[in-house]
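Coordinate inspection notes
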Amino acid sequence: MKKRIAAVTSSYRLLNQKNHASNRILHHHRRFNANFNQVIRSSSTSEGVTHHCGPVPLKHFLASCRWDLQKSSLIHMQNMPIIQQRNFGSVASTIVQRNPLFSTINHDDIIYFEKILGVKNVIQDDEELQPANTDWMHKYKGSSKLMLQPENTDELSQILKYCNSRCLAVVPQGGNTGLVGGSVPVFDEVSGVLVCDAGCILENLISFLDKQGFIMPLDLGAKGSCQIGGNVSTNAGGLRLVRYGSLHGTVLGLEVVLANGNVIDMLGTLRKDNTGYDLKHLFIGSEGSLGIITKVSILTPAKLSAVNIAFLACQDYISCQKLLFQAKRRLGEILSAFEFLDAQAMNLVLQHLDGVRNPLPSAIYNFYVLIETTGSNESSDKEKLEAFLLHAMENGLVSDGALAQDMNQASSFWHIREGVPEALMKAGAVYKYDLSLPVEKMYDLVEEIRIRLGAAANVVGYGHLGDGNLHLNVSTPQYDDTILAQIEPFVYEWTSRHHGSISAEHGLGLMKAEKIYYSKSSGTVQLMASIKKLLDPSGILNPYKVIPPSLLS
Ligand SMILES: O=C(O)CC[C@@H](O)C(=O)O
Ligand SMILES: [Zn+2]
């Protein structure tokens, strides 16, 4: 072991000599050898982390229909005071006009649901409903008065059939509330295919697979509370997409309950099946608007033992781009993450998250890049990474860097990147944009927004550079409509003009349903609306989201 450290250290001395620049020190630490991704990344959400291993339940879903006619017939999505008692001021609410065709819940409905689910899974208590009615940012507030927690496909099917016949709208939801038991995931270790219930928490699946020597093909900051059904229905991207691709590639099959209660078995486990339309893709990323996913089969990659993480500083955005270009060529098949954050994002993390230390404290840099490699051959992976870093430093792409020497350091590097959303939440109000853009144009947008807003806001750019996915976040002390008017529609128009997507991985939801035309042709949106009407003629599934409501009336 000692020998290896000595050898590695000398290679970085060489680096420094070649660069003749005293500040170009790659802080080198002994590399470690474990697939620590599995165990160390902390959840960046504020939601409680559930530690049950393996089996977890099915879906939770909210009946979003109101049953108190005395109250307004509107569903308000309004800003709430957020965590840590920060005052967000008064904000103009986004108000969604309630579809008058939907029924309201009555006493007989409750009796029916209790008969199917048992009293404990029919929740009307305001306190229990509150977290489910509020999004993670505390920006949108629903007003559902009832939460139903079916424990299996059959219960869900009966409920949906009933809701459909009564024209009661429902909001499918995963990951927000407590668990209700469930069944054991089934795993085939030769093919690496996992079959599990939709309510399985991502982190539990990761632990389950870890024991078998496999990993999940997706990893998210929110893994401690998000559920695989929610991940698939929103086509969540995350930190491993650069290596394993999107869920459209790794999900092999689904079981789905349609709005009318019909259970559709598409739970194949085959990599190849060319027998006609591959309908599971309709449900991946449709945000619960076409059906509710109850089971998932997914291809899981083998867990590889050699993992390295480098935290690097770049002086300008062009260096980040060139670094990515080189990483794809020189690290090739072992590259498993390529993330970036700008100085503004770094400062927020250092300022707002407890115990975070800057691994590169000797100077202030404009950009930071986190590169992870995952491979099966320690020595050749090491050689590759070192050759890559040497080349990058010689060419002036990297100004400083640190290589994690153990799990704690690796964890602390990831914590910086994954902690950006949480730091933004703590900083005040935040306007979030999740954009796909050509990599070479991406940061121009951040700079243009910065100029537009001047000192009124802290404009932050970070994200999955390896996937061309920018998280543009604008942070202000409190929500302000004049700021919003300077960002939108500018940001959407800019993205559309550069042939990008206004939602790279977060979906459209309520926030962007009306903005869909910036990224999709009207013919495509019409076809989406036709499919929605075919599968959910009464429009009860997750109303007002994804497709502009006017197209469905
Ligand atoms: O909050 C955001 O803007 C991004 C959240 C998440 O997708 C991430 O990559 O950290
Ligand atoms: Zn992201």
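Residues numbered from 1 in each chain as written. Chains lettered and ligands numbered in written order. Predicted model: local features only at pLDDT ≥ 70, side-chain atom pairs only at ≥ 80, totals over all residues. Heavy atoms only, no water.

Per an unreviewed UniProt entry, the recorded name for the chain is D-2-hydroxyglutarate dehydrogenase, and the organism is Cynara cardunculus var. scolymus. Looking at the chain in UniProt, the text filed under Cofactor (unreviewed entry) is "FAD". (UniProt positions renumbered as here; feature names shortened; annotations may be inferred.)

Things to note about the sheet that holds strand 11 (residues 263-266)
Spatial ordering of the open sheet is given by 8-9-12-10-11, a layout of five strands whose pairing is antiparallel. Looking along the sheet, the strands with just one partner apiece sit at the ends: strand 8 (186-188) and strand 11. The mean angle between the axes of side-by-side strands here comes to 10°, regardless of whether they run parallel or antiparallel. As defined by bridge partners, strand 10 (residues 251-257) adjoins strand 11 across four bridges and the pair is classed as antiparallel. By the bridge assignment for strand 11, leucine 254 is matched with methionine 266. Against the sheet, helix 6 (residues 202-212) engages strand 8 and strand 9 (193-197), with an angle of about 145° to strand 9. (Pairing = 2+ DSSP bridges. Helix = DSSP H or I, 4+ residues; strand = E, 2+ residues; numbered from the N terminus. Axes fitted to C-alpha atoms, helices over the stretch in contact; angles between N-to-C directions. Contact = heavy atoms within 4.5 Å.)

Some points on the confidence of the model for the chain
Here the chain averages 82 in pLDDT, while 81% of its residues score no lower than 70. Here residues 1-94 is modelled with pLDDT under 50, and outside its nearest four sequence neighbours on either side it reaches 302 contacts, counting other chains as well. The model gives residues 176-183 a pLDDT under 50, and that stretch makes 30 contacts with residues more than four places away or in other chains. (pLDDT = per-residue confidence, 0-100.)

Brief notes about the packing of helix 3 (residues 107-117) against helix 5 (residues 153-166)
Closest axis-to-axis distance for the helix 3/helix 5 pair is 10 Å, and the angle between their directions is 165°. One element, helix 3, and the other, helix 5, form an angle in the roughly antiparallel class. As helix 3 packs across helix 5, the resulting crossing turns out to be right-handed. Facing Asp108, Asp109, Tyr112, Phe113, Ile116 and Leu117 of helix 3, the residues of helix 5 in contact are Glu155, Gln158, Ile159, Tyr162, Cys163 and Arg166. Among the residues making up the contact of helix 3 with helix 5, the classes are represented as seven nonpolar, one polar and four charged. (Parallel < 35°, antiparallel > 145°, perpendicular 65-115°, else oblique. Left-handed = near helix turned anticlockwise from the far one by under 90°. Nonpolar A, V, L, I, M, F, W, Y, C, P; charged D, E, K, R; others polar.)

Let's talk about the pairing of strand 10
Of all seven residues making up strand 10, seven are buried, and the element is well covered by its neighbours. Relative to strand 12 (residues 292-299), strand 10 runs antiparallel, the two sharing six bridges. Looking at the pairing, glycine 253 lines up with serine 297 of strand 12. Linkage of strand 10 to strand 11, two consecutive antiparallel strands, is achieved through a turn of five residues, within which glycine 261 is found at a positive phi near 95°. (Buried < 20%, exposed > 50% of the residue type's maximum accessible area, 1.4 Å probe, protein only.)

Section: helix 16 (residues 439-453)
For helix 16, every residue scored as buried is listed here: Val439, Met442, Tyr443, Leu445, Val446, Ile449 and Leu453. Down the axis of helix 16, the sector holding all buried residues measures 135°, keeping them to one side. Along helix 16, the residues that are exposed and aim more than 90 degrees away from the buried face are Glu440 and Ile451. Looking one or two residues beyond helix 16, the residue adopting positive phi is glycine 454, at roughly 55°. (Arc of directions from axis to C-beta.)

Remarks on the coordination of the zinc ion (ligand 2)
Distances from the zinc ion (ligand 2) to its protein donors, His464 (NE2), His471 (NE2) and Glu505 (OE), fall within 1.9 to 2.1 Å. Along the chain, the residues that donate to the zinc ion (ligand 2) are spaced as H-x6-H-x33-E. A residue pair is termed long-range when its members are at least 10 positions apart, and histidine 471 in strand 19 (residues 469-476) and glutamate 505 in the loop between helix 18 (490-497) and helix 19 (522-535) qualify at 34 residues. Note on accessibility: histidine 471 and glutamate 505 belong to one class, buried. (Donors = N, O, S within 2.8 Å, 3.2 Å for Na, K, Ca; no water.)

Focus on the layout of surface pockets
Here the second largest pocket is characterised by a volume of approximately 630 Å³. Lining the second largest pocket are 29 residues, and of these Gly285, Leu508, Lys520, Met528 and Val546 lie nearest its centre. Those elements that provide at least two residues to the lining of the second largest pocket are helix 10 (280-283) and helix 19. Broken down by class, the residue content of the lining of the second largest pocket amounts to 12 nonpolar, 13 polar and four charged. (1 Å grid on protein atoms, 1.4 Å probe; cavity = no way out; pocket = protein on both sides within 12 Å on 5 of 7 lines; lining within 4 Å. Points joined across faces, edges and corners; volume = space filled by probe spheres on them.)

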